[in-house]
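Below are the chains, spelled out letter by letter.
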Amino acid sequence: MCGIVGYVGTSKSVEVLLGGLRRLEYRGYDSAGIAVIDPDGDLHTRKRAGKLQILVDDLDLAAMANGSTGIGHTRWATHGGPNDQNAHPHLGDDGKLALIHNGIIENFAELKNELMEQHPETVFTSETDSEVAALLVGLEYQRVGDLAEALRLVVARLHGAFTLLVLHKDQPGVVVGARRNSPLVIGLGDGENFLGSDVAAFVEHTRRAVAIGQDQIVTITADAVTVTDFDGAPVESEEFDIAWDAAAAEKGGWSSFMAKEISEEPDAIANTLRGRIVDGAVRLTELDPAASTKPGSAASAGLDLTGVNRIVILGCGTAAYSGMLAKYAIEKWAKLPVDVELSHEFRYRDPVIDASTLVISVSQSGETMDTLMAVKYAVANGARTLSICNTQGATIPRESDAVIYTHAGPEVAVASTKAFVAQVAAFYLFGLHLAAVRGTLPKEEISDLLDELQALPEQLATVLEQHDAIKQLAGWMTDTRAVLFLGRHAGFPVALEGALKLKELAYIHAEGFAAGELKHGPIALIEPGQPVFVVVPSPRGRDSLHPKVVSNIQEIRARGARILAIAEQGDAAVLPYADVVIPIPLASTLFEPLLAVAPLQIFAMELAAAKGLDVDQPRNLAKSVTVE
Ligand code: F6R
């Protein structure tokens, strides 16, 4: 949600800002704008509702082109509709100051009333909370004459979540930013510096980045970067290298980012495992004491697992479904009770957690506000915290005791695909690590399971070879109004994920069910011709649920359902009852989801594409959900 870019240097800032905003488009937005200070010290702003190209077509390049200080914004509407007036930047100090904002200022109505009382002459040009912040910073600037100080005085009065960037025509060559519970990262260049909602904003210019902590203010000029806390005290920040280059976030010949990202799933798993399996055992050095992710925390304790008697996994959407698989794996391998909870439900129901609880948050972006707030609640209540995250320098890992980064590479398509399989791989590594620490599995068994895990990328590559066949199936189903997805045990989260993908991408009503639940109600939905995807477990294995799922298939087939089965190659028991079988290679129960999910992702993507929809940026959705 909302993309933010700031630049000070010697290049034409318009080009840097538009390039950055283009790379941030994936976050989801409905209007865009930029502000640039030209070489004569004049401030120019332009903002337009709609896609970035509408803004580009409307830019007054003659006036702006040579300015080398600027800020740019893509807005995802919260306060006020997506129109030109509500788009950012907003102005303060009689049009001399421009401000952009991501997040929600919760006390903005109160601040606006105060402003109207004390300055009745104030003219508001938008319905946004952001404009109130711009006006307030403008007033403080008139008083103190320094942009960083003015911003510092205002943020001290704001409640809620925000990233703010400001510039002022009287301080050309300076951009100041502030953040609380909302992302902001610095990019370090040579004679130029950048700010961005995430590193995608500037990765084409530099791969050196600095994460900004909670409640901090940053000032960039062409040659210097200064970071302070909200009290103005200098703070030390950690620099890191961005692990991927600009090309990784390009489509590279694929029809969509999503098609490319699904094709990268084998690599996402392999890269997440790489270096973390040594001599048949898991090696997660990031859990060692020295690797604590909490900046300035004396709790450089890493992740001490001694005495942990319970795990709570927090996430939203697709990430939460990866957590469901983690529950099954950790309970089976490490014999610890695991609860999985949607982050946004967690902190509002007085959950019982304490120092013996390990709270694991899972988030591709590392910025999901619901998950961030849940993690903060866990920290405040004394729990130990581990983050599973795909984005370096993101907020959630920084708030946690330790992080296991997934190495899926940048995920640009709004709906998550490759991040899911990488999350599951990371969870499985952690589950096997925990089993070793707790002595709940013999070494040989851990080693065998790790071998299976390492074989998955190659197996998954063979599943992806069926892309064209699945595309053809999707092409036949463009008129479908509803699709059901069934699975049991490890197949259940896959069913939920398959349904979520179809809703998000193809706007088709879809529901995922635990197959055993069907007869308790949802079977009433089955009527002749109703398509039902069934994730069929392997027929092998002592405790296989295979016969039960085959019975579930028969029950719905008897009522006219059209069965689309994802089943193990050569599973003869399913063939007589399925209209379509998508075969997957043999894998044991907990590993099957990593093979079964891709066909459902491809199906949803291809059905959406066949309906002429934008699979990378589905309507109403944002990649990084930075509001609660
Ligand atoms: C679904 C999807 C969302 C995200 C959810 C959490 O395709 O992308 O459900 O999984 O918003 O996002 P992260 O993982 O960034 O916390």
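Residues numbered from 1 in each chain as written. Predicted model: local features only at pLDDT ≥ 70, side-chain atom pairs only at ≥ 80, totals over all residues. Heavy atoms only, no water.

## A short note on the packing of helix H8 (residues 265–273) against helix H13 (residues 418–438)
Now for step 1: One can describe the packing of H8 onto H13 by two numbers: an axis separation of 8 Å at closest approach and a directional angle of 30°. Here H13 runs roughly parallel to H8, going by the angle between their axes. Here H8 runs over H13; the crossing is right-handed. Along its contact with H8, which presents Glu265, Ala268, Ile269, Thr272 and Leu273, the element H13 presents Lys418, Val421, Ala422, Ala425, Ala426 and Leu429.
Now for step 2: Tallied by class, the residues present in the contact of H8 with H13 amount to eight nonpolar, one polar and two charged. (Axes fitted to C-alpha atoms, helices over the stretch in contact; angles between N-to-C directions. Helix = DSSP H or I, 4+ residues; strand = E, 2+ residues; numbered from the N terminus. Parallel < 35°, antiparallel > 145°, perpendicular 65-115°, else oblique. Left-handed = near helix turned anticlockwise from the far one by under 90°. Contact = heavy atoms within 4.5 Å. Nonpolar A, V, L, I, M, F, W, Y, C, P; charged D, E, K, R; others polar.)

## A word on the sheet that holds strand E18 (residues 338–342)
Now for step 1: Ordered by their spatial adjacency, five strands build an open sheet running E18-E17-E19-E20-E21, and the pairing between neighbours is parallel. Among the strands making up the open sheet, the edge pair consists of E18 and strand E21 (402–405). Along the sheet, successive strands turn relative to each other by an average axial angle of 20°, direction set aside.
Now for step 2: Sheet topology places strand E17 (residues 310–315) next to strand E19 (residues 357–363); five bridges connect them, and they run parallel. Counted as the bridge partner of leucine 314 is serine 361 from E19.
Now for step 3: Most of the contacts of helix H9 (residues 317–334) go to E18, to which it runs at about 175°, and overall it touches E17, E18 and E19.
Now for step 4: Across the face of the sheet, H13 comes into contact with E17, E19, strand E20 (384–389) and E21 while running at roughly 160° to E19. (Pairing = 2+ DSSP bridges.)

## Focus: the layout of surface pockets
Now for step 1: Considering only enclosed or pocket space, the largest pocket measures out at about 860 Å³ in volume.
Now for step 2: What lines the largest pocket is a set of 46 residues, among which Trp244, Ala249, Pro410, Glu411 and Val412 lie closest to the centre.
Now for step 3: Contributions of two or more residues to the lining of the largest pocket are made by helix H1 (13–24), helix H7 (257–263) and H8.
Now for step 4: The residue makeup of the lining of the largest pocket, split by class, is 16 nonpolar, 14 polar and 16 charged.
Now for step 5: Inspection of the lining of the largest pocket shows a minimum of three residues originating in each of domain 1 (3–247) and domain 2 (251–463). (1 Å grid on protein atoms, 1.4 Å probe; cavity = no way out; pocket = protein on both sides within 12 Å on 5 of 7 lines; lining within 4 Å. Points joined across faces, edges and corners; volume = space filled by probe spheres on them. Domains from an automatic or database assignment.)

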